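# Descriptive structure summary
For reference, the chains in residue letters:
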Amino acid sequence: MTETQTSNGNAPIEALWRAMPVTRMLDCGVDYADVLAMQRRTAEGIAWDEAAEALAEAQLERARTAERGGHPVTAFDAYRAAAADLLFAQMAFNFDTVRKSSLYEAFTDAVAHAAALADPPWHRVDIPFGEGRMNGWLLRPATAPIGAVVVFGGQSGWGAAYLPQADALVRRGMAVLLAEGPGQGETRLRNGILLDVDVRAAYSAFVDHALTVAPRAGLWGNSLGGLYAATTAAADARVSAVCVNSAPAQPRLQRFRTFAEQAAAMLGTSDADAIQANFDRIAFRPGVDRIRCPLLVLHGEADPIVQLEHQQPFLDAADDATLRVWEDGEHTIYNHARERTAYVADWFAGEFSKQQREKRSVQ
């Protein structure tokens, strides 16, 4: 669909479609019919958040009707579709307005309804950290998991945004912890934990929890979350495998507005020097940080944010590194979502299984 068809010359809507393209929506589980409806409604001048919220309300009504009618599978699917719509509704706001918080609460509530209908049910987790708590969702397979993967994002799209990735991991016998770390999701909006803390220690706390449900823990970080994954793996010897999906090793404050505002919201300040100083503080340290577990790095050649050279320090620091490149890949490989997710899930399953076999052979 052309720019005119999606925005009708509305600059703010055009910016939102650049930040949240169709490929990203589909990757995060938005129903294709809802994507088309979003295009029509935003082209008609309806505000982004209002258009997405209305679509979510229709999905919620479908879910409730199915639940009352004794159709839990349909209800489960509809609650998930509603959650995906609400996820993108709240992305219309970079700063923590009342409206953003309300939409995020509605997103979390829709996920909770789906969680109750899942088989096995998903569980909310609250991870103590400092004087507060971090949040997430724990999904388990029906059998004993061969490992647990902590999955997370960067500056937007947190926690349950990665349910499609969790599905793939669970189907392959792994537990999944969808984490909302410092500056993310409810951890920020409800509990006030920003990105000015020890990020490695924060994600190690998620590793603590993952190891209570499985014998091995992996990290899958998307976008800037890939940096958090890499630095945590370098600092925490308990991490058995780590995937970095389109992350800069030394992040820089980008010029475009969405990135800058999201970075400001995560840190609680709009001061550019303070934001960059924080990026420098949490950056990967070439020559100092070593990744001793297996590493998988994903890269898209069409990524407008992260170039391969930005990810090279991760590869250079790893004893066992695999690089997977998509020549036409967008940021975090949105446009090859199914292939990407299957590839990463297979990789984690293979690494965990290999480590399990090696442990048995030693015993």
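Starting afresh in each chain, residues are numbered from 1 along the sequence in its written order. In keeping with the predicted nature of the model, local features appear solely for residues at pLDDT of at least 70, side-chain atom pairs appear and are counted solely at 80 or more, and the whole-chain, interface and lining totals rest on all residues. To get the side-chain values, take all heavy atoms of the structure and skip hydrogens and water.

This part covers the side chain of Asp34. Helix and strand definitions here come from DSSP, where helices need a minimum of 4 consecutive H or I residues and strands a minimum of 2 consecutive E residues; each element is numbered from the N-terminal end. Mapping Asp34 onto the fold places it in helix α4 (residues 32–43). For the buried Asp34, no salt bridge exists, and the shortest N-O distance to an oppositely charged side chain is 7.2 Å, to Arg41. Pairs of N or O atoms are called polar contacts if they sit within 3.5 Å, as long as, within protein, a hydrogen donor faces a hydrogen acceptor (for residues adjacent in sequence, only side-chain-to-side-chain pairs). Of the polar contacts made by the side chain of Asp34, one reaches the side chain of Gln59; its length is 3.0 Å. Not counting residues within four places of it along the chain, the set of residues in contact with Asp34 comprises Leu55, Gln59 and Asp85. Each residue is assigned to one of three classes by its accessible area relative to the maximum for its type, calculated with a 1.4 Å probe on protein chains only: buried under 20%, partly exposed between the two thresholds, exposed over 50%. Charge counting follows a simple rule: Lys and Arg are positive, Asp and Glu are negative, and His as well as the terminal groups are ignored. Note on definitions: salt bridges are taken to be side-chain nitrogens of Lys or Arg within 4 Å of carboxyl oxygens of Asp or Glu. Any two residues whose heavy atoms approach within 4.5 Å are treated as being in contact.

Here the focus is the packing of aromatic side chains. Two rings from Phe, Tyr or Trp (for Trp, the six-membered ring) form a pair when their centres are within 6.5 Å of each other. A pair whose planes differ by under 30 degrees is stacked, one over 60 is edge-to-face, and the rest are tilted. One pass over the full model with this rule turns up 14 aromatic pairs. Relative to Phe348, the ring of Trp347 has its centre 5.0 Å away and its plane inclined at 70 degrees; by these criteria the two rings are edge-to-face. According to the relative accessible area criterion, Trp347 is buried, its value standing at 12%. Ring pairing ties together the aromatic residues Phe152, Tyr203, Phe206 and Tyr228, which thus form one cluster. Distance and angle both matter: a charge sits over a ring if NZ of Lys or CZ of Arg is within 6 Å of the ring centre and within 35 degrees of the ring normal. Sitting over the ring of Trp326, Arg324 keeps its end group 4.0 Å from the ring centre. Between Arg324 and the ring centre of Tyr343, over which it is positioned, the NZ or CZ distance is 5.3 Å.

What follows deals with the packing of helix α5 (residues 48–68) against helix α6 (residues 72–90). Between α5 and α6, whose axes approach to 8 Å, the crossing angle comes to 165 degrees. Here α5 lies roughly antiparallel to α6, going by the angle between them. For the pair α5 and α6, the crossing hand works out as left-handed. Taken together, the residues of the contact of α5 with α6 break down into 15 nonpolar, 2 polar and 7 charged. Each axis is a line fitted through C-alpha atoms, taken for helices only over the stretch in contact, and angles between the N-to-C directions span 0 to 180 degrees. Put simply, angles under 35 degrees are roughly parallel, angles over 145 are roughly antiparallel, angles from 65 to 115 are roughly perpendicular, and the rest are oblique. Take the far helix as the reference: if the near one is turned anticlockwise from it by less than a right angle, the crossing is left-handed, and if turned clockwise, right-handed. Gly counts as polar in this scheme, as do all residues outside two lists: the nonpolar Ala, Val, Leu, Ile, Met, Phe, Trp, Tyr, Cys and Pro, and the charged Asp, Glu, Lys and Arg.

So, about the pairing of strand β1 (residues 123–129). The rule for pairing is simple: two strands pair if DSSP sees at least two bridges between them. Pairing analysis gives 7 bridges linking β1 to strand β2 (residues 132–139), with the strands arranged antiparallel. When the sheet's bridge partners are listed, His123 is paired in β2 with Leu138.

With that out of the way, let us pick up the packing of α5 against helix α7 (residues 98–117). Contact geometry for α5 and α7: axes closest at 12 Å, N-to-C directions at 25 degrees. In terms of axis orientation, α5 runs roughly parallel to α7. Read as a crossing pair, α5 and α7 show a hand that is left-handed. Two secondary-structure elements touch here, α5 through Asp49, Glu50, Glu53, Leu60 and Glu67 and α7 through Arg99, Leu103, Ala110 and Leu117.

Moving on to the environment of Ile291. Its place among the elements puts Ile291 in the loop between α13 (272–282) and β7 (295–300). Discounting residues that sit within four places of it in the chain, Ile291 has contacts with Ala230, Ala233, Ala234, Val242, Phe284, Phe314, Ala317, Ala318 and Asp319.

For the rest of this paragraph, the subject is the pairing of strand β5 (residues 217–222). Among the 6 residues in β5, 6 count as buried, and that is most of the element. Covered by surrounding structure in β5 are Ala217, Leu219 and Gly221 together with Gly218, Trp220 and Asn222, the residues of both alternating faces. As defined by bridge partners, strand β3 (residues 148–152) adjoins β5 across 5 bridges and the pair is classed as parallel. Counterpart to Val151 in the pairing with β5 is Trp220. Of the strand pairs in this sheet, β5 and strand β6 (residues 239–245) are connected by 6 bridges, and their pairing is parallel. Its bridge partner being in β6, Ala217 is matched across the sheet by Val239. Note on handedness: a clockwise path from strand one over the helix to strand two, with the strands aimed away from the viewer, defines a right-handed crossover. The parallel pair β5 and β6, bridged by helix α11 (residues 225–235), forms a crossover whose chirality is right-handed.

Keep in mind these numbers describe shape, not what the thing actually does.
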